[in-house]
Amino acid sequence: MLVAAFTWTEFAQQIAAGVRQGAVFAGLALALVIIYRSTRAINFAQGEMATFTTFICWSLMNNGLSFWAAFPIVLAIAFVGGIAIERTIIRPVENGPVITIVIVTLGLALLLNGLMSVIWGGGNRPFRGPFSTRTIDVGGVPISVQDIGIVVVSFVLVALLALFFRFTKLGLALRAAALNRESSELVGVRVGWMLAFGWGLAAVLGAVAGMMVAPILFLDPNMMQVILLYAFAAAVLGGLDSPIGAVVGGLLLGVGITLVGRYVGFVGDVLKLPVALLVILLVLVVKPNGLFGRVAVRRV
Amino acid sequence: MSALLQLDGVEARYGPVKVLHEISLEVGRGELVAVLGANGAGKTTTLRAVSGTVRRTGDIVFDGSKLPRRPDAAARAGIAHVPEGRGTFSELSVWENLRLGAYTRRGSVKEDAQHVFEYFPRLEERKNQQAGTLSGGEQQMLALGRAMMARPKLVLLDEPSLGLAPMLVKEIFDRLERMIAQDGTAVLVVEQNAALALAHAARAYVLEVGHVVVSGPSEELRENESVRRSYLGY
Amino acid sequence: MKLKFSLEVLGLVALAALIAVVPSFVSSFTAYELATVGMYFIALLGLSILTGYSGQISLGHGAFMAVGGYTTAVLTVNGVYGHHMRDVWTIPIAGVVAGVAGLFVGIPALRLSGLYLALVTFGIAVSFRQIPLKFDHFLGGTSGKLLGLLQTPFGLSASPNDWIYYLTWGIAFVLLVVAWLFVRGKPGRTLKAIRDSEIAAISSGISLARYKTLAFGLSAFYAGVAGSLYAIARAYMNPDVFPVVLSVYLVAALALGGVDSFVGLIIGAAAIYILQNRADDVTSWINRLPHVNLNAQRPGMPDVIFGAVLIVVLILLPTGVGGALRRLFGPLTTRLYSKS
């Protein structure tokens, strides 16, 4: 069952690759958690939203902008887009059954996927990311600059968000709106706009995840579907209502899946995805709150 | 001088059920007014109509202007609502709860926090503790403190004595009276404990099944035996 | 209600007559198209039992169709002990295999409500295609398996297209009657009780677990049959025949058509057919509009329209188009499930 050849150097490389994967999962999982905390629903369109904004980045770069010039523009578009989506199609259904919200997000996913096909065509294309693919020597282990870059960008983003939530008035209001709607209204917080802001933030997180992963996966309309499943697994593992859980879950899953895929011969590359599904199933059945979650999950 | 708060023919419903029927009442500046009545009489709904957290028809005039029906409008106008059950954010710290109380105010709130800590020193001790770990009495103080952070003109207080030991209740009402005297805040308090409320309030309204059945100065209501027996339970 | 019962029986008889007669009026190719619509109809029928009656959601029914399709492919191509099965006989086996898979999913599903079940079943839809990639010598990997071309068996005189039409709609009719009996009978009423209030159902002693799991198995059986027919008709099977998006289409069609409206299921099946199999034609058709010039090589427009329609309908009509139709036309609309 286990693969024979093992070197510490390769193990370190696998860990590095796992951390990089985990960073991407964590970003998208954090987006899912932010929306789940405020809207109680899972946004099945998170992946397509991320891919869509990545396509916008691609178009901007095709029109002469460098990646880092396009980056803030894409984030701004993603932010506004997320807010717009919440205010137009989520707001009418957000007080109804969760399943309705889910199906609306599914409709959104279909719409965005088709739209990407119409505007940019199906099939994949290369995406020139901001980091070079050469490797540098880290303590005797060759690690790709791109992996480091992705992890650093994700880390900075998550840190900024954490600071925002903890130390700003708006961040506090966002947290309050997600925790206790009525009390938030009583102190004058406009809960509706807080929800919209959350969707905007989630869209930004998704955009970053998409732009980080596109150089590796090649950009096509279906690029994020598989990552979305990994993000679901990371969010469930960490606890659907826990931002810390999303980050920790993402990293654990990224490293775990990479190691299992490399060292458990039966799984290999092919069965990594079913392993992620297994994680979701096991966590939801055995410990539905995940590692850090707190919300009560209704059992039959 | 016109009243600070004026309700005129206000009605409210939960779905198809009408809960308030043509409620009219007044609260003057710096006045402590009580709303009394049995369970289900519509006392809590009256407060919610003022803070905009229930759908209502009819006019509410606050500080000279018509009050819009949105919940954040009431908060911005200077109305602080302490709901039944305190409404504290249990997962946030004491300090964060207070900070949220001042949400509608701009600029630094350090002074306001100091003011609150003068009234409730125990809150300063527990500044960084999670609000959910506080005792019932402390949570009530926190809820009041949060309301004070907004420097409101009117505080809506729903069942402050619920679940608290009598000594604590006395402490809270003492603070309330100090707040009214020092800051000129008006208070509209809903209480099931009619005797307690009448001991502190200037005036009171008695509700029954969504109607105002009796109103007047507290001494009058206290001395009226039939009123006491029929509506106030003592 | 006697009147409703007679109306429904009349409706079923009329449907049977309609099915029998249609091929004489349409081209051979149209019969083939209608057969494909019938396959989606069978899958939707199964899903409606699951969602409409036991209140469980599945975003992964495409995977059960794939189980059916692969079962048929393996039995006809690889054969059993050297004996290559005839395609027709594989259909019930494919259904049973898919049904068993459904039972396996139905057991953990008991512990998962709404949102979490949607997550897990979505995961099944996305990760299922890894199975044929892993067991590629058996299941054909990315290139899949080629079945024998569609042929009319037993020396019957119909064309292959007509044959698949009658086979599909014959099975669809039988499964429809089965569903109808199931729903009117004890299992159906039990499931309806569960859907309306699980707590009340438990306290009246109904074995919740048994019925909910059964519903999963049954709906998977239907999907497996549909998948099997699809593989027979197309004569090939690979991991991309039943993609993730198909599972989404199935749930969306149900949401649009309303879970217990027969007309809704038919329209839903037709919509899925257009989206899944005729997307490029829709794009060409749209191009006929003035000032519109869509690239037919990029057939995303039908998805855009369908997604938009789904969103708008859900916002405006929470019970779906079928539900709204039923409210408008009352007893006149042919209804599959009666209100007991």
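Please refer to the structure placed before this passage.
Residues numbered from 1 in each chain as written. Chains lettered and ligands numbered in written order. Predicted model: local features only at pLDDT ≥ 70, side-chain atom pairs only at ≥ 80, totals over all residues. Heavy atoms only, no water.

Points about the arrangement of the chains
In step 1: There are 2 pairs of chains in contact here; the most contacts are made by chains A and C.
In step 2: Over all C-alpha pairs, chain B and chain C never come within contact, reaching a minimum spacing of 19 Å. (Contact = heavy atoms within 4.5 Å.)

What about the sheet that holds strand S4 (residues 56–62) of chain B?
Residue and element names in this part refer to chain B.
In step 1: In spatial order, the strands read S2-S1-S4-S5; together these 4 strands make up an open sheet with antiparallel pairing. Strand pairing shows two members of the sheet lacking a second neighbour, strand S2 (17–27) and strand S5 (65–66), which therefore form its edges.
In step 2: Against the sheet, helix H1 (residues 43–51) contacts strand S1 (5–14), S2 and S4, and its axis sits at roughly 110 degrees relative to S1. (Pairing = 2+ DSSP bridges. Helix = DSSP H or I, 4+ residues; strand = E, 2+ residues; numbered from the N terminus. Axes fitted to C-alpha atoms, helices over the stretch in contact; angles between N-to-C directions.)

Thoughts on the side chain of A:Arg175
In step 1: Mapped onto the fold, A:Arg175 is located in helix H6 (residues 169–179).
In step 2: When its relative accessible area of 14% is taken as the criterion, A:Arg175 is described as buried.
In step 3: Residues contacting A:Arg175, with those up to four places away along its chain left out, are A:Arg37, A:Phe165, A:Arg166, B:Leu92 and B:Glu96. (Buried < 20%, exposed > 50% of the residue type's maximum accessible area, 1.4 Å probe, protein only.)

Some words on the packing of helix H2 (residues 28–54) of chain C against helix H13 (residues 262–277) of chain C
Residue and element names in this part refer to chain C.
In step 1: Two elements in contact, H2 and H13, have axes separated by 8 Å at closest approach and are oriented at 125 degrees. Our classification of the angle between H2 and H13 gives oblique. Judged by the twist between their axes, the crossing of H2 over H13 is right-handed. When H2 is examined against H13, the residues Glu33, Thr36, Val37, Tyr40, Phe41, Leu44, Leu45 and Ser48 are found in contact with a partner set consisting of Phe262, Leu265, Ile266, Gly268, Ala269, Ala270, Ile272, Tyr273, Gln276 and Asn277.
In step 2: Residues that form the contact of H2 with H13 fall into these classes: 12 nonpolar, 5 polar and 1 charged. (Parallel < 35°, antiparallel > 145°, perpendicular 65-115°, else oblique. Left-handed = near helix turned anticlockwise from the far one by under 90°. Nonpolar A, V, L, I, M, F, W, Y, C, P; charged D, E, K, R; others polar.)

Structural notes on the interface of chain C and chain A
Put simply, an interface is often sized by how much accessible area is lost when its parts join up.
In step 1: Tallying the contact residues gives 43 residues for chain C and 48 residues for chain A.
In step 2: For the interface between chain C and chain A, the tally reads 0 salt bridges.
In step 3: Where chain C touches chain A, the interface holds 4 residue pairs in polar contact (both at pLDDT 80 or more).
In step 4: The element best represented in the side of chain C that touches chain A is helix H5 (residues 114–127) of chain C, accounting for 11 residues.
In step 5: Class assignment for the residues of the side of chain C that touches chain A results in 30 nonpolar, 7 polar and 6 charged. (Salt bridge = Lys/Arg side-chain N within 4 Å of Asp/Glu carboxyl O. Polar contact = N/O pair within 3.5 Å; in protein donor to acceptor, adjacent residues only side chain to side chain.)

A few points about the interface of chain B and chain A
In step 1: Contact residues are listed per partner, giving 24 residues for chain B and 18 residues for chain A.
In step 2: Here chain B and chain A share an interface that buries about 1900 Å² over both sides, 63% of which is from carbon and sulfur atoms.
In step 3: Here chain B is connected to chain A by 3 salt bridges.
In step 4: Between B:Glu96 and A:Arg166 there is a salt bridge, with the nearest N and O atoms lying 4.0 Å from each other.
In step 5: When grouped by side-chain class, the residues that make up the side of chain B that touches chain A number 8 nonpolar, 8 polar and 8 charged. (Buried area = accessible area lost by both parts, 1.4 Å probe.)

Regarding the nonpolar core
In step 1: Judged by nonpolar contacts, the single largest core of 199 residues is most densely connected at A:Ile42, A:Phe44, A:Phe232, C:Phe41, C:Met65, C:Ile164 and C:Met237.
In step 2: The biggest single contributor to this core is helix H8 (residues 191–217) of chain A, with 17 residues.
In step 3: In this structure A:Phe232 touches A:Leu32, A:Ile42, A:Phe44, A:Ile280, C:Leu119 and C:Phe122, once residues within four positions along its chain are discounted. (Core = buried A, V, L, I, M, F, W, Y, C linked by side-chain atoms within 4.5 Å.)

A closer look at the environment of B:Gln130
In step 1: Secondary-structure assignment places B:Gln130 in the loop between helix H5 (121–125) and helix H6 (136–149).
In step 2: For B:Gln130, a relative accessible area of 34% corresponds to the partly exposed category.
In step 3: Remark: the alpha-carbon pair of B:Gln130 and B:Phe89, spanning 41 residues in sequence, is separated by 8.8 Å.
In step 4: Every residue in contact with B:Gln130, bar those within four places of it in the chain, is listed here: A:Arg294, B:Ser90, B:Glu91, B:Leu92 and B:Ser93.

Considering unusual backbone geometry
Residues and elements named next belong to chain B.
In step 1: Positive phi values are uncommon outside glycine, yet aspartate 63 reaches one of about 50 degrees.
In step 2: As for its placement among the helices and strands, aspartate 63 is situated in the loop between S4 and S5.
In step 3: A relative accessible area of 29% places aspartate 63 in the partly exposed class.
In step 4: A positive phi is found at arginine 86, a non-glycine position, where the angle reads about 70 degrees.
In step 5: Among the residues examined, arginine 86 registers a relative accessible area of 12% and is labelled buried.

Observations concerning helix H9 (residues 224–238) of chain A
Residues and elements named next belong to chain A.
In step 1: For H9, with 15 residues, the first-to-last C-alpha span of 20 Å sits near the 21 Å given by 1.5 Å per residue.
In step 2: Where burial is concerned, most of H9 is hidden: 13 out of the 15 residues are buried.
In step 3: Following H9 by one or two positions, glycine 239 adopts a phi angle in the positive range, close to 105 degrees. (Expected span 1.5 Å × (residues − 1).)

Thoughts on the sheet that holds strand S6 (residues 79–82) of chain B
All names here are of chain B.
In step 1: The sheet built from 6 strands is open, its strands ordered S6-S7-S8-S3-S9-S10 with mixed pairing. At either margin of the open sheet sits one strand with a lone partner, and together these are S6 and strand S10 (211–217). Strand-to-strand twist across the sheet, computed as the mean angle between neighbouring axes with direction ignored, equals 15 degrees.
In step 2: Lying on the sheet, H6 is in contact with S6 and strand S7 (154–158); it crosses S6 at an angle near 170 degrees.
In step 3: Lying on the sheet, helix H7 (residues 166–183) is in contact with strand S3 (32–37), S7 and strand S8 (186–190); it crosses S8 at an angle near 150 degrees.

Some thoughts on the pattern of salt bridges
All names here are of chain B.
In step 1: This model, assessed by the stated rule, comprises 24 salt bridges over all chains.
In step 2: In this structure, the salt-bridge partner of glutamate 138 is arginine 126, at a minimum N-O distance of 2.8 Å. Of this pair, glutamate 138 sits in helix H6 while arginine 126 is found in the loop between H5 and H6, placing the two residues 12 residues apart along the sequence.
In step 3: The structure contains a network of salt bridges with shared partners spanning Arg122, Arg126, Glu138, Glu171 and Arg175.

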